[in-house]
Amino acid sequence: MSAVLSTHGLVARYGDFQALYGVDAEVAAGEAVALIGANGAGKSTFLRAIMGLLPVASEMVRLNGAPVGGTAPERMVAQGVAIVPEGRRLFTGMSVEDNLRVAMDQAARVGAKGGWTLERLHQLFPILKEKARIPVQSLSGGQQQMVAIGRALLCQPKVLLCDEISLGLAPKVIREIYAALPEIRAQGTAIVVVEQDVGLAKSATDRLYCMLEGRVTLTGRSAEITREQIGEAYFGAGHAVV
Ligand SMILES: Nc1ncnc2c1ncn2[C@@H]1O[C@H](COP(=O)(O)OP(=O)(O)O)[C@@H](O)[C@H]1O
Ligand SMILES: [Mg+2]
């Protein structure tokens, strides 16, 4: 597999606290991988470390083989990595379209090029056209998540990092959001999803990584990994699988 993004012994700390202990992972163009694991396992930290939001050594993160660890987030965006952060972090008080325009302006400013336009985004999530003039805070959680994904796509990513995009949403809305992933992948974009719902993580991705206390405890093809393997990797060997 030729990785578009890879990590090599990725280590990350918050002050004295070590949150990642040498994580090796990779994703290929057009591939979707899931990152699962209990609360506090280090999933968000892993995405933040890739994005340049935490200090890491340059050789610990590679984009198309080139070392990029510790590169500032804006430069990571310019090089084709975008994140849908935990909690969405939209610009409240601004309309749906203005939120999206911020991303388009940012992409233009840093010279990120790609095929995502407002029109294409409206095809992917028609509600964003309907609600274009509405302040984002008036939208439902699922609609806000679509704005957050749209904002990341308009940065023209080659790698899309998604942190718990299904959290707190109704099953029907989750299905709508996950239904967009194949279309995004069809553009050659690689996707990394942090997902608490193991069934969803398995069905929506090619491969998965399970993390426990800052380490990868299991990786393999999503369709082949069993519930028992996941249970053990999730809680550590010796814990009862429920
Ligand atoms: N800003 C922070 N400062 C200190 N510790 C943090 C910070 N953010 C996360 N941590 C700690 O790092 C570990 C991994 O957290 P996180 O990556 O958020 O886990 P996950 O996303 O898998 O729930 C946890 O022990 C958490 O308490
Ligand atoms: Mg998290």
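See above for the structure.
Report follows, based on the coordinates. For clarity, every value in this text was computed on a predicted model and none was experimentally measured.

**Notes on helix α10 (residues 227-235)**
Then step 1. Taken together, the buried positions of α10 are I230, G231, A233 and Y234.
Then step 2. In this structure, the buried residues of α10 make contact with β3 (32-36), α9 (198-204), β9 (207-212) and β10 (215-221).
Then step 3. Once α10 finishes, G236 follows within two positions and takes phi at roughly 95°, a positive value.

**Remarks on the packing of helix α6 (residues 141-153) against helix α7 (residues 171-179)**
Think of two packed helices as two axes; the pair is described by the angle between the axes and how far apart they sit.
Then step 1. Direction vectors running N to C along α6 and α7 enclose 15°, while the axes themselves pass 10 Å from each other. As judged from the angle between their axes, α6 and α7 are roughly parallel. α6 and α7 meet at a crossing whose hand is right-handed. For the pair α6 and α7, contact is made by G142, Q145, M146 and I149 and by V173, E176 and I177, respectively.

**Some words on the packing of aromatic side chains**
Then step 1. By the definition in use, this model includes one aromatic pair.
Then step 2. Pairing Y234 with F235 gives two aromatic rings, centres 5.3 Å apart and planes at 55°, and the pair type is tilted.
Then step 3. Residue class for Y234 comes out buried when judged on its relative accessible area of 12%.
Then step 4. R151 extends its terminal NZ or CZ atom over the ring of F91, reaching a point 5.4 Å from the ring centre.
Then step 5. The aromatic ring of Y21 is capped on one face by R215, whose charged end is 4.3 Å from the ring centroid.

**A look at the site of ligand 1**
Then step 1. Inspection of the region around ligand 1 gives Y14, F17, A19, A38, N39, G40, A41, G42, K43, S44, T45 and R48 as its neighbouring residues.
Then step 2. Between ligand 1 and A41 there is a distance of 3.2 Å, counted from an oxygen atom to a backbone nitrogen or oxygen.
Then step 3. Take G42: an N or O atom from its main chain is 2.9 Å from an oxygen atom of ligand 1.
Then step 4. The fraction of the free accessible surface of ligand 1 (560 Å²) that becomes covered by protein chains is 62%.
Then step 5. When contributions to the shell around ligand 1 are tallied by element, the ones reaching two or more residues are β2 (17-28) and α1 (43-51).
Then step 6. Classifying every residue of the shell around ligand 1 gives five nonpolar, five polar and two charged.

**Thoughts on the packing of helix α3 (residues 96-110) against α6**
Then step 1. Relative orientation of the contacting elements α3 and α6 amounts to 25°, with a least axis distance of 8 Å. Here α6 runs roughly parallel to α3, going by the angle between their axes. At the point where α3 passes α6, the crossing takes the right-handed sense. Listed contacts from α6 to V96, N99, L100 and A103 of α3 are V147, G150 and R151.
Then step 2. By residue class, the composition of the contact of α3 with α6 is four nonpolar, two polar and one charged.

Basis of the calculations
Residues numbered from 1 in each chain as written. Chains lettered and ligands numbered in written order. Predicted model: local features only at pLDDT ≥ 70, side-chain atom pairs only at ≥ 80, totals over all residues. Heavy atoms only, no water. Buried < 20%, exposed > 50% of the residue type's maximum accessible area, 1.4 Å probe, protein only. Helix = DSSP H or I, 4+ residues; strand = E, 2+ residues; numbered from the N terminus. Contact = heavy atoms within 4.5 Å. Axes fitted to C-alpha atoms, helices over the stretch in contact; angles between N-to-C directions. Parallel < 35°, antiparallel > 145°, perpendicular 65-115°, else oblique. Left-handed = near helix turned anticlockwise from the far one by under 90°. Phe/Tyr/Trp six-rings, centres within 6.5 Å; stacked < 30°, edge-to-face > 60°. Lys NZ or Arg CZ within 6 Å of the ring centre and 35° of its normal. Near = heavy atom within 4 Å. Polar contact = N/O pair within 3.5 Å; in protein donor to acceptor, adjacent residues only side chain to side chain. Areas by Shrake-Rupley, 256 points an atom, 1.4 Å probe, with all protein chains shown as cover. Nonpolar A, V, L, I, M, F, W, Y, C, P; charged D, E, K, R; others polar.

Structural measurements only, silent on function.
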